[in-house]
Amino acid sequence: MFQSNLTGNGRVSDDLPKSIRRIILEQAHRANVGHIGSALSIADIIAVLYGEILNLPSRRDPDRDRFILSKGHAALALYAAFRILGWIDEEKINTYCCDSSLLGVHPEHALPGVDFCSGSLGMGLSIGVGSAVGGKLGNSSRRVFVLLSDAECNEGSVWEAAMFAAHHRLDNLVALIDLNGQQAFGKTKDVLDLHPLNKKWEAFGWHVREVDGHDCQALAQAMGKASAHADKPAVLICQTTFGKGVSFMEGQIPWHYLPMNEQQFAQALREIESGDGQ
Amino acid sequence: MRNAFARTIIDLAAMDPRIILLTADLGFMVLEPFAQRFPERFINAGVAEQNMVGVATGLAEAGFIPYVYSIANFSVLRPYEFIRNGPLYHRLPVRIIGVGDGFDYGSAGFTHHCLEDVGLLRMLPGMTVVVPSTPQETISALYQLKEVSGPVYFRLGKSVNALPEGTPFDSMHLTLFRPGRNALILAMGGIVVEALAAAEKLQALGFSCEVATVPSIQPPPLGQLIEALSRFSVCATVESHFVKGGLASLVSEIIAERGIKCRLIPFGVRTLDDVRSGSVAYLRKLHGLDCDSIVKRLHSSLTETRA
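Residues numbered from 1 in each chain as written. Chains lettered and ligands numbered in written order. Predicted model: local features only at pLDDT ≥ 70, side-chain atom pairs only at ≥ 80, totals over all residues. Heavy atoms only, no water.

Some points on the overall build of chain B
When you go through chain B residue by residue, the secondary structure sums to twelve helices and twelve strands. Taking 19 Å as the expected radius of gyration for a compact globule of 307 residues, we find that chain B reaches 19 Å, a close match to that expectation. Here the C-alpha coordinates of chain B stretch approximately 65 × 40 × 30 Å along the principal axes. Residue pairs in contact within chain B that sit at least 24 positions apart in sequence constitute 78% of those at least 6 positions apart. With an accessible surface of roughly 11,700 Å², chain B has 56% of that area assigned to carbon and sulfur atoms. Here chain B carries 28 positive and 28 negative side-chain charges, and the mean point of each set is 5 Å from the other. (Helix = DSSP H or I, 4+ residues; strand = E, 2+ residues; numbered from the N terminus. Rg over C-alpha atoms; globule rule 2.2 N^0.38 Å. Contact = heavy atoms within 4.5 Å. Areas by Shrake-Rupley, 256 points an atom, 1.4 Å probe, with all protein chains shown as cover. Lys, Arg positive; Asp, Glu negative; His and termini not counted. Charge placed at Lys NZ, Arg CZ, Asp CG, Glu CD.)

Written as structure tokens, this is what we have:
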């Protein structure tokens, strides 16, 4: 049933982000776990990547595009995409956070479709850089996409990788930053200010573009063109809303960790289905 | 051992186009021949070891065999989590070269004294840990472990020592340098020279010591270790490493798990109270790892045991 969300002509249907959000809410509620706001924040980015951008002839094709969810705590959005693609079935997604499941809060490499595990912030970009270098050395047509959280840019290793990627002119590499302005203890500007993030990436030698992280058309266009800048890696700074689509979660710090009660779940689901919270 | 690596990696790369050499800006006057021969497969990642290991992880997943090179503390301690979550977890063939066996960079100070690398990596299931004691063993290990599917760590001494060429590397075997009857001395890496000198002096004092190294710390040559430990009532371990986590820990685990009746006398670094810079000889003496310190302590134990 979920296949219908992919239109098959390379365009993201309106239903795809909604389906991802619905699965996020259902599974987070069933498993009684948090990180809901972070997953909702990237639902549209994931929809565009898996619905339109990533070239994945098969999950083992060596030349397939690589995607690394460096902000691994939003893995539920990834599992939702896998469910919609039919890579995991209903029974499997219902094991999310259960004993012996491969579907934990952070993505495990053992789950087919996950090229690299994540969960420890600040590692994904370096690995993506290696993948991009490998693509260049092996004359592969692959592109590499790495999705980072904004607070992840607190990690020094991100900037090691950023320097390296620009120095080696990795124009097959695209970093996506989920700029929702929030981290565990508060707003990023209060915890460890990232501003001006665009200028920081520019100064590191990247092609920088800012985009509405909830506008699928704009995201698709930006990701499609991101590699058109020869000799430079590209970063898309995606302006997003933490908890996007659920009014009482949007911009609210506690939803970094909190699970939902029955009433909150019902309301959240209603808002996602009706689109009221968007 | 470092120079043996620098020569051998060229030969290996000539045979295998998958080999890439990455350095975190170390190896000046050592790695240039490789860089000149294979410029497209030599990457100076800059002084950024975490990223170097992350890049190696991505390269290995793409089908390459990356060797990452730095002074041991910088290729192991700084990017330890990248090693754990990268090549170890994904079982990728990343080769980690750690130069500097214990106090090899003695005058460089504590930041360069490598004393816990083996312990940290030996803890990780699936990590191969190799500490050769001669250039020949280094070359042999590099060849033999080329195709291992998971990560491999090579702790390579920088100093030149006058050891006789031993047998080729074999992960199933100890490298025997000297047979003996009264005590077993097991050493890790180039510091075996102190153990051999100590054995010579103890011989003159009436005690015959067998001296061997354990080049494959993980997986260890379990059968041979059990056999050797079962023949002696006293075993000394000698290592340029903290006494916890390295060779002494490996041997004590085997003694305890197998119920072997053998007393362990560990020679290793025990304290940070005396952090000093200095030559390898000075620092070994300071920490009781030189020939005379080994003789004194072991002679006392052996005399006690004999009485």
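Structure's up, so let's keep going.
Some words on the side chain of Ser120(A)
Assignment of secondary structure puts Ser120(A) in the loop between α5 (90-93) and α6 (124-137). Separated by 2.5 Å, the side chains of Ser120(A) and Glu81(B) make a polar contact. Every residue in contact with Ser120(A), bar those within four places of it in the chain, is listed here: Glu81(B) and Asn85(B). (Polar contact = N/O pair within 3.5 Å; in protein donor to acceptor, adjacent residues only side chain to side chain.)

Overview of the pairing of strand β9 (residues 209-213) of chain B
On a regular strand, each side chain points to the face opposite its neighbour's, so the side chains alternate between the two faces of the sheet. Residues and elements named next belong to chain B. Counting buried positions along β9 yields five of five residues, so the element is predominantly enclosed. Going residue by residue along β9, you find Cys209, Val211 and Thr213 tucked away on one face and Glu210 and Ala212 tucked away on the opposite face as well. Of the pairings in the sheet, the one linking strand β7 (residues 175-178) to β9 comprises three bridges and is antiparallel in character. Considered in β9, the bridge of Leu176 is made with Ala212. (Buried < 20%, exposed > 50% of the residue type's maximum accessible area, 1.4 Å probe, protein only. Pairing = 2+ DSSP bridges.)

Observations concerning empty space enclosed by the protein
Residue and element names in this part refer to chain B. Within the structure shown, the criterion is met by four cavities of 30 Å³ or more. The space that makes up the largest cavity amounts to roughly 80 Å³. A class-by-class count of the residues in the lining of the largest cavity yields four nonpolar, two polar and four charged. Reported here for the second largest cavity is a volume of approximately 70 Å³. Forming the walls of the second largest cavity are 13 residues, and the residues nearest its centre are Phe110, His113, Asp274, Val275 and His287. Taken together, the residues of the lining of the second largest cavity sort by class into eight nonpolar, three polar and two charged. There are two domains that each give the lining of the second largest cavity at least three residues, and those are domain 1 (2-156) and domain 2 (175-306). (1 Å grid on protein atoms, 1.4 Å probe; cavity = no way out; pocket = protein on both sides within 12 Å on 5 of 7 lines; lining within 4 Å. Points joined across faces, edges and corners; volume = space filled by probe spheres on them. Nonpolar A, V, L, I, M, F, W, Y, C, P; charged D, E, K, R; others polar. Domains from an automatic or database assignment.)

Topic: the domain arrangement of chain B
Residues and elements named next belong to chain B. Partitioning chain B into structural domains gives domain 1 (2-156) and domain 2 (175-306). In this structure, domain 1 and domain 2 have C-alpha centres spaced 27 Å apart. Contact residues are listed per partner, giving 30 residues for domain 1 and 32 residues for domain 2. Both faces considered, domain 1 and domain 2 share a buried interface measuring about 2,200 Å² in area, 57% of it formed by carbon and sulfur atoms. A per-residue breakdown of the area domain 1 buries against domain 2 is headed by Phe103, Leu115 and Arg122, which together make up 34% of the total. Between the two partners, domain 1 and domain 2, sit one salt bridge. Of the charged contacts, one joins Glu253 and Arg122 as a salt bridge, the two residues approaching to 2.8 Å between their closest N and O atoms. If you look at where domain 1 meets domain 2, you find 16 residue pairs in polar contact (both at pLDDT 80 or more). (Buried area = accessible area lost by both parts, 1.4 Å probe. Salt bridge = Lys/Arg side-chain N within 4 Å of Asp/Glu carboxyl O.)

Things to note about helix α12 (residues 291-306) of chain B
All names here are of chain B. Taking 1.5 Å of rise per residue, 16 residues should cover 22 Å, and α12 covers 22 Å from first to last C-alpha, within 8% of that figure. Taken together, the buried positions of α12 are Cys291, Ile294, Val295, Leu298, Ser301 and Leu302. Along the axis of α12, the buried residues cluster in a sector spanning 150 degrees; they form a single face. Of the exposed residues in α12, those oriented more than 90 degrees away from the buried face are Lys296 and Glu304. Structurally, α12 contributes buried residues whose contacts are with β8 (183-188), α8 (192-204), β9, β11 (234-242) and β12 (263-269). (Expected span 1.5 Å × (residues − 1). Arc of directions from axis to C-beta.)

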